[in-house]
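What the coordinates show
The primary structure of each chain is shown beneath.
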Amino acid sequence: METKSTLTKTSDTQKTVRIIGAEAVVKCLLAEGQTLGYGYPGGAIMPVYDELYKYQDQFTHILTRHEQGAIHAAQGHARVTGDVGIVFATSGPGATNLVTGIADAQIDSTPLVCITGQVASHLLGTDAFQETDIVGISTPVTKWNYQITKASEIPGVFAKAFYIAKSGRPGPVLIDITKDAQLETFDFVYKKCTSIRSYRPIPHYDYNKIKEAATLINTAKKPFIVFGQGVILGAAEQEFKAVIEKAGIPSASTALGLSAINSDHPLHVGMVGMHGHYAPNKLTNECDVLIAIGMRFDDRVTGDLARYATQAKVIHFDIDPAEIDKNVPTTVAVLGDVKETLAELLPLLDTKTHDTWFDQFKKLRAIENKEVIIPQLYPSKEGLTMGEVLKGINIESKGDAIIVSDVGQHQMFACRYADFKKTRSNITSGGLGTMGFALPAAIGAKLGAPDREVVAIIGDGGYQMTCNELGTILQTKAAVKIVVLNNGYLGMVRQWQELFFDKRYASTEMISPDFVKLADAYDIEAVRVSKREDLPGAIKKMMASDQAFFLEVIIEKEDNIFPMIPTGSSVSEVRLK
């Protein structure tokens, strides 16, 4: 077996390199412009790690403390950069520990290339040590996967994997490589993939459909836009802004669509969904034309589908044909790259303001301000609220920070109250709702965007699922700002128990360790705040630090997140309390 690269001339313009499969893996990554990845080594992928060691001047590997931490970090990296996130894991439990993150990336359209080691090909199907059929397991939650048993397959499979992961609607792919394929020698040459027969990632748009959409919008009296992450994934922020400003249409975001436009844009009327803002939820069922852009009509957005916008003509802009008519029937479906379709729509739109319609949003927003927002941001009660913590962070960050939130009440508070002035600033687990996401994702976000401030907003429950990744911060010196909002409960479940289960708090009260001491053990400066007068100074100190910082805020135990649409209810039945 050759262990040193040798060159073989094959033509006047092309050379192949005779190397082992493991080195080819690294060369494929470098050929795709990748310089950083996350992972955890083990026996079946050890040859690849040996080559990563040799190429450490060209490729940085981040050793996380768990494979789930690795894939969430890669997700955070991909979400802030728009590039593909890279993950390594060994066979068996190493590979299966990636599955939650893969499923999360699939539903949130995050591009990943996951590389797993596998037992030698002659052992496949024998129940060998740490053998698991990760291709079979991951098939439902990957955009594409493949098992490599011959080294010669590596260049073509990797090229295809990168193309699939980042083209069209992005998503995760998984490449499983047997150990003998990693050690086998072959003649390596790499060619990027630019097309695959029968795979059309961007459907050709129908200009007539765009004209139909424009006609509906121009004649609408009460048009309303709901936009999602598709605007961000399609890099269509400027086109989207131009469309809403010309047409004067009130526009609300899904949770993942936040930061596509500035939070304070005058046409941004808030967030829709179960814990979204009062006005956009209520008025969804009063608009005459509903324009959905880069969103998938998730159940958290629609509530009871039978009572969702039934009075409206629905226009749906999306890149994925599978989303059209999946949940909500459309009047006009505009398939294609939203950056292109919105650019074609813009000159067809009339310039309007819709002042009377917009006044309805203002009136309902005033009600929400009085009943919910002001009591959250300027509370009269003694206990601290999650909203006022977000307000303090806004003051210090001026809306420029990347906010990475975990899953629970604090997530919805972050989505509702954080200010976003730049795109790709709201990183959270949307569709899968993965607790434990935020800390590793924040590490990946910081390493992916080192010049931006990254603040992780986490509950005491989710924090304890992946707080071992403090070790990754210790080793990388990633300057993540960690805010744990500690109410002593699994807060979202407790809120539901309070409202719908007669306050039977079954298995939701949580006793936690001393988080400040834990942070100190990882050499991270830490502060705990329980009094209102201490909060501004603590946030200021945290945001001024050029290193990792941990802030624990003791929150009132029954600080609930409102508005709220109960499960099975219509969006019109949104509750303020």
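A brief look at the structure comes next.

With that settled, consider the overall build of the protein chain. Check the secondary structure of the protein chain and you find 23 helices and 21 strands. Along the first, second and third principal axes, the C-alpha atoms of the protein chain reach 75 × 60 × 40 Å. Counting only residues that meet the buried cut, the protein chain has 58% of its 577 residues in that class. For the protein chain, the proportion of contacts with a sequence separation of at least 24, taken over those separated by at least 6, is 76%.

Take the environment of H77 next. When you line up the elements, H77 lands in helix α3 (residues 67-81). Given a relative accessible area of 13%, H77 falls into the buried group. Between the C-alpha atom of H77 and that of V25, which follows or precedes it by 52 residues, the distance is 20 Å. With near-sequence residues (within four places) excluded, H77 lies in contact with L36, Y38, G444, A445, L447 and G448.

Moving on: the sheet that holds strand β15 (residues 332-335). Whether parallel or antiparallel, the strands of a sheet pair through hydrogen bonds between backbone atoms. Here six strands make up an open sheet; going across it, the order is β12-β11-β10-β13-β14-β15 and the pairing parallel. The outermost strands of the open sheet, each flanked by one partner alone, are β12 (268-271) and β15. Looking at each pair of strands side by side, their axes are set apart by 20 degrees on average, direction ignored. Inspection of the sheet shows strand β14 (residues 313-318) paired to β15 by four bridges, in the parallel sense. Note on β15: the bridge partner recorded for I315 is V332.

Right, let's get into the packing of helix α9 (residues 207-219) against helix α14 (residues 338-345). The interhelical angle for the contact between α9 and α14, taken along N-to-C directions, is 55 degrees, at an axis separation of 9 Å. It follows that α9 is oblique to α14 by the angle criterion. Handedness of the α9/α14 crossing: right-handed. Contacts from Y207, I210, A214 and I217 of α9 reach α14 at T341, E344 and L345. Here the residues of the contact of α9 with α14 sort into five nonpolar, one polar and one charged.

Along the polypeptide, T110 turns up in the loop between α5 (99-107) and β6 (112-118). Take T110: its relative accessible area is 1%, and that puts it in the buried class. Residues within four places of T110 in sequence aside, it is in contact with Q75, A78, R79, A105, P170, G171 and P172.

Turning to the pairing of β6, a few remarks are in order. Among the seven residues in β6, seven count as buried, and that is most of the element. Judged by which residues are buried, β6 turns out to be covered on both faces: L112, C114, T116 and Q118 on one side and V113, I115 and G117 on the other are all buried. Taken together, the five bridges between strand β5 (residues 85-89) and β6 define a ladder with parallel strand orientation. From the neighbouring strand, A89 faces β6, where its bridge partner is T116. Pairing of β6 with strand β8 (residues 172-178) involves seven bridges; the strand directions are parallel. Directly across from C114, in β8, lies its bridge partner L174.

Okay, helix α1 (residues 21-31) next. The buried fraction of α1 is high, at eight of 11 residues. For α1, the set of buried residues is G21, A22, E23, A24, V25, V26, C28 and L29. Within two residues after α1, G33 carries a phi angle of roughly 80 degrees, on the positive side.

Now for the state of the cysteines. Applying the stated criterion across every chain, the model contains zero disulfides. Of the cysteine sulfurs around C114, a residue in no disulfide, the closest is that of C28, at 16 Å.

Quick look at the sheet that holds strand β20 (residues 525-529) now. Reading across from one edge, β17-β16-β18-β19-β21-β20 is the order of the six strands in this open sheet, with parallel pairing throughout. Strand pairing shows two members of the sheet lacking a second neighbour, β17 (426-428) and β20, which therefore form its edges. Recorded for the sheet is a direction-independent mean angle of 15 degrees between the axes of neighbouring strands. In this structure, strand β16 (residues 402-405) lies alongside strand β18 (residues 454-459), joined through four bridges in parallel fashion. The residue of β18 that forms the bridge with I403 is V455. Where helix α23 (residues 535-544) meets the sheet, its contacts fall on β18, β19 (481-486), β20 and β21 (549-554), and the angle it forms with β21 comes to roughly 160 degrees.

A separate point is the packing of aromatic side chains. The full count for this structure, using the stated rule, is 17 aromatic pairs. A centroid spacing of 5.6 Å and a plane angle of 40 degrees characterise the contact between F224 and F361, whose relative ring orientation is tilted. In this pair, F224 is assigned in strand β10 (residues 223-227) and F361 in helix α15 (residues 355-377), connecting sequence segments 137 residues apart. Judged by relative accessible area, which is 3%, F361 ranks as buried. Put simply, the rings of F224, W357, F358 and F361 touch in pairs and so form one group of aromatic residues.

Criteria and thresholds
Residues numbered from 1 in each chain as written. Predicted model: local features only at pLDDT ≥ 70, side-chain atom pairs only at ≥ 80, totals over all residues. Heavy atoms only, no water. Helix = DSSP H or I, 4+ residues; strand = E, 2+ residues; numbered from the N terminus. Buried < 20%, exposed > 50% of the residue type's maximum accessible area, 1.4 Å probe, protein only. Contact = heavy atoms within 4.5 Å. Pairing = 2+ DSSP bridges. Axes fitted to C-alpha atoms, helices over the stretch in contact; angles between N-to-C directions. Parallel < 35°, antiparallel > 145°, perpendicular 65-115°, else oblique. Left-handed = near helix turned anticlockwise from the far one by under 90°. Nonpolar A, V, L, I, M, F, W, Y, C, P; charged D, E, K, R; others polar. Disulfide = S-S within 2.5 Å. Phe/Tyr/Trp six-rings, centres within 6.5 Å; stacked < 30°, edge-to-face > 60°.

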